[in-house]
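Structure at a glance
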Amino acid sequence: MGQVIGLETPEGSDWALVHGQQYALLKERVKVRVAMHLVGFVLIAATLYGSVPSTLLASWGIALVAAVVYSARADIQLADADSRNISTQEMKAHARTTAAKGVVWAVGMVACAFLADGHTTDIVWAVAAMLILATTASRFSAPLSSITFTLAAGIGGLVASLITFQFSLAVVVILSTLLASFGVIESARVAVAARLAESAMQEKSEVVSMLLREFEEGQADWLWQIDTRRRLHAVSPRFAFALGKEPAQIEGQSFLQLISGNGWKTGQFPPSLHELADKLKRKENFSNLSVKVSIEGQDRWWELSGTPIVDDLGTYQGFRGVGSDVTEQRESSEKIEYLARYDTLTQLPNRRMLNEALGEALGYAAEWRSRCAFLMIDLDRFKAINDSLGHLVGDQMLAEVALRLKGLIQDGEVCGRLGGDEFAVVIRDASERGRIERLSRAIIQRLSEPYEIENQVLYVGASVGSALGPRDGRTVEELLRNADLALYRAKDDGGGVHCEYEPSLHANAEEKRQLEHSLRNALEKNELLLHYQPVVDANSEEIVSFEALIRWNSEEHGFVSPGKFIPLAEDTRLIVPIGTWVMQEACREAATHWPEDVKVNVNVSPEQLLEPDFAATVVRALSHSGLDPKRLEIEVTESIFVRDAGIARKALEQCMALGCSIALDDFGTGYSSLGYLRQMKFSTIKVDRLFVQGAAQQSPESIAIIRAVVAMAESLDMTTTAEGVENDEEAKMIREFGCTKIQGFHFGRPMPSKDARRIFARKTAEASLKSA
């Protein structure tokens, strides 16, 4: 109530502004109020003339005129209150001027009560009551001033009625005064509430206008409006700019015709434009509707929102809405979607899209009780080309592979790239079983044909593994896993073949998984051990070295063949810690228990040579064991040069700098042995047992190869070791060929370290007997 009548104005509120607007209305009724006061006094003066001294009436009149003029002047001074915030002090000061008028009327009524009869008091109060009523009606906008005048005049009337002993009139005066005061307060409350609501609406309107103006002046969005005939109305500049026209040019034009381009004549509209037309026809709200439009012959994408316009009577008047050009965003999202589903190198579907296609094929097979198929393809020997010739050549080859695959598939089939050098084909309907076999053979044959890239003729092969759905799997994951198992089988068989999934492949995969798990703990459980096979001088048959060969006696699987667990260790890179252990153990054994003229040969995997600290590993093994570096011979195969040859060569050169010797094992079975001999100075060339066995069977090719290797080694100042010698005849033949050293069962099988020690102990004992 205090805030409504102006006794207080909370800081930060709109009350001061509202009261200012209210008090500014006082100037509009100043003359009326002055006239009413003067008329009221004239009526009283005419009635009391003769019964009240003239001097009293004159004095009363002069005082009243002064009070009325002073109050009118205060009203006029507040004419600018609507343009500023009126203060509480100003409202109280105005109330005091108004109260002065009430005091003048009150003093006059009391004076008349003393000098005239009770009838005179009734007349004077009637006039005062009229003025109170006029004040509450005309000064509702200044409630504090109206209340002060009412209370002052009411108090005067009450005193006058009590002086004349008119108690009934006193009750009427009290009730009239209170009712008038409460009426002023209620009228003020309603007026202030209306002002507050009006102010809030005006503020909202200004905010909306500002937002619309900012929206319209933006760089990408615009407003649009059409009438009941779908013709543009009130065209905004931004919308006209989006259409490439001036606002006057398109005002009243057909909205759909303008955005449909040539489609308006041909009747060929994009589906999104049909959808927009349907929304407009059905007078439905729509939001963020993507519409393909044609602007000056160029296809664009607009995002439109609209709502029907309805008047107060519910009559449809058209549509209005907002829109923006989202062509760039649309193209970006389409590009992102393409990248998410297609391989950027080959332009083939990627793994995600292949999975989706396979899922749809499984659904189709389940619905029509048919079969689908998934073919997984892996390139053979691609890694060697990629590593030796570089990734640029490898990428060009993958792109060529993709083109060849595209030419092999039919309708209902999807080919894609899984990643790396792995590709896949999804066959939606594989009811014809022969199609899988024919396609697999065609893929292997086509991908095995020569490739001409960067003026080079290159060859790779392909292996294929296939799985049928739902027979081999009812989910995408199952079919992928089973096709992968079939592909592994094809690779294990030497590559270049197609293998179908068989349930037994799961057993092989499970066995491999269990072996890997056990192999990871083999070192900790001390399940690994070394056997040593002697290498003898071809002429004296004296032991010159032992080759350290790893063995695994598993607690869970028993004795595991090296041919089974060593490839597994290389695939899982467990060969690195295992190879480090072999190096340390072999050096320790040779340094501790063997004569100083006997070397130890340690096989090193390509994976070990790729480790940055391989040379440091050798140094640690030599220093911890105390073995002379000249007694350590590192054996490597030609495969080290296929992958990161520079790193492998650098590591071996560091070992040679320490004093170690390097032997090239399995010579002649790799890719380009003679080229490797030019790249590095080997100390020994080991002739593979295949050539030794072939020579024993009088194979001209094997004999020629051994003779050539021996001659080449002699010219390069290298020694030669023949592997796989199993009897005396073969040993004699090898001596005749001129090999320097011999290794094979004829001179000793791989044996535990204690057996090797016995050989040296026995020779020492024999030497002692001879000397004795």
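The following paragraphs examine the structure supplied in this document. The structure displayed is predicted, hence computed values, not measured ones.

Describing the pattern of salt bridges
Side-chain pairing between opposite charges can occur once the charged atoms of the two side chains come close. Evaluated as defined, the whole model comprises 27 salt bridges. Notably, a salt bridge pairs Asp-493 with Arg-489, separated by 3.6 Å at the nearest N-O pair. The partly exposed category is assigned to Asp-493, whose relative accessible area is 48%. According to the relative accessible area criterion, Arg-489 is partly exposed, its value standing at 34%. Here Arg-573 makes a salt bridge to Glu-607, at a shortest N to O gap of 2.2 Å. A residue pair is termed long-range when its members are at least 10 positions apart, and Arg-573 in the loop between helix 21 (562-571) and helix 22 (575-593) and Glu-607 in helix 23 (residues 606-609) qualify at 34 residues.

Side note on the sheet that holds strand 1 (residues 221-226)
Within the open sheet, the four strands sit side by side as 1-4-3-2. Their pairing is antiparallel. The open sheet has two edge strands with one neighbour each: strand 1 and strand 2 (286-295). Across the sheet, the mean angle separating the axes of adjacent strands is 35° when strand polarity is ignored. Pairing of strand 2 with strand 3 (residues 298-310) involves eight bridges; the strand directions are antiparallel. Looking across to strand 3, one finds that Ile-295 is bridged to Gln-298. Against the sheet, helix 13 (residues 271-281) contacts strand 1, strand 2, strand 3 and strand 4 (316-325), and its axis sits at roughly 125° relative to strand 2.

Focus: unusual backbone geometry
One can expect most non-glycine residues to show negative phi and most peptide bonds to be in trans. Cis geometry is adopted by the peptide bond preceding Pro-470, which originates at Gly-469 and carries an omega value of 5°. The residue Pro-470 is located in the loop between strand 10 (461-469) and helix 19 (476-492) in this model. If you check the backbone angles, Arg-230 has positive phi at about 65° while not being a glycine. Its place among the elements puts Arg-230 in the loop between strand 1 and helix 9 (237-242).

Quick notes on the packing of aromatic side chains
Aromatic ring pairs: the centre-centre distance and the angle between the two ring planes describe each pair. Overall, the coordinates contain 16 aromatic pairs when judged by the stated rule. Where Trp-222 meets Phe-239, the ring centres are 5.0 Å apart and the plane angle is 40°; that geometry is what we call tilted. Here Trp-222 is found in strand 1, whereas its partner Phe-239 is found in helix 9, with 17 residues between them in sequence. For the pair Trp-224 and Phe-255, a centre-to-centre distance of 5.2 Å together with 20° between the ring planes defines the contact as stacked. Residue Trp-224 is located in strand 1, and its partner Phe-255 is located in helix 11 (residues 255-260); the two are separated by 31 residues in the primary sequence. Site record: aromatic cluster; members linked through ring pairs are Trp-222, Trp-224, Phe-239, Phe-255, Phe-286, Trp-302, Tyr-316 and Phe-319. Over the face of the ring belonging to Trp-301 we find Arg-330, whose NZ or CZ atom lies 3.7 Å from the ring centre. In this structure, Arg-749 packs its charged tip against the face of Phe-745, placed 4.0 Å from the ring centre.

Thresholds, definitions, all that
Residues numbered from 1 in each chain as written. Predicted model: local features only at pLDDT ≥ 70, side-chain atom pairs only at ≥ 80, totals over all residues. Heavy atoms only, no water. Salt bridge = Lys/Arg side-chain N within 4 Å of Asp/Glu carboxyl O. Buried < 20%, exposed > 50% of the residue type's maximum accessible area, 1.4 Å probe, protein only. Helix = DSSP H or I, 4+ residues; strand = E, 2+ residues; numbered from the N terminus. Pairing = 2+ DSSP bridges. Axes fitted to C-alpha atoms, helices over the stretch in contact; angles between N-to-C directions. Contact = heavy atoms within 4.5 Å. Phe/Tyr/Trp six-rings, centres within 6.5 Å; stacked < 30°, edge-to-face > 60°. Lys NZ or Arg CZ within 6 Å of the ring centre and 35° of its normal.

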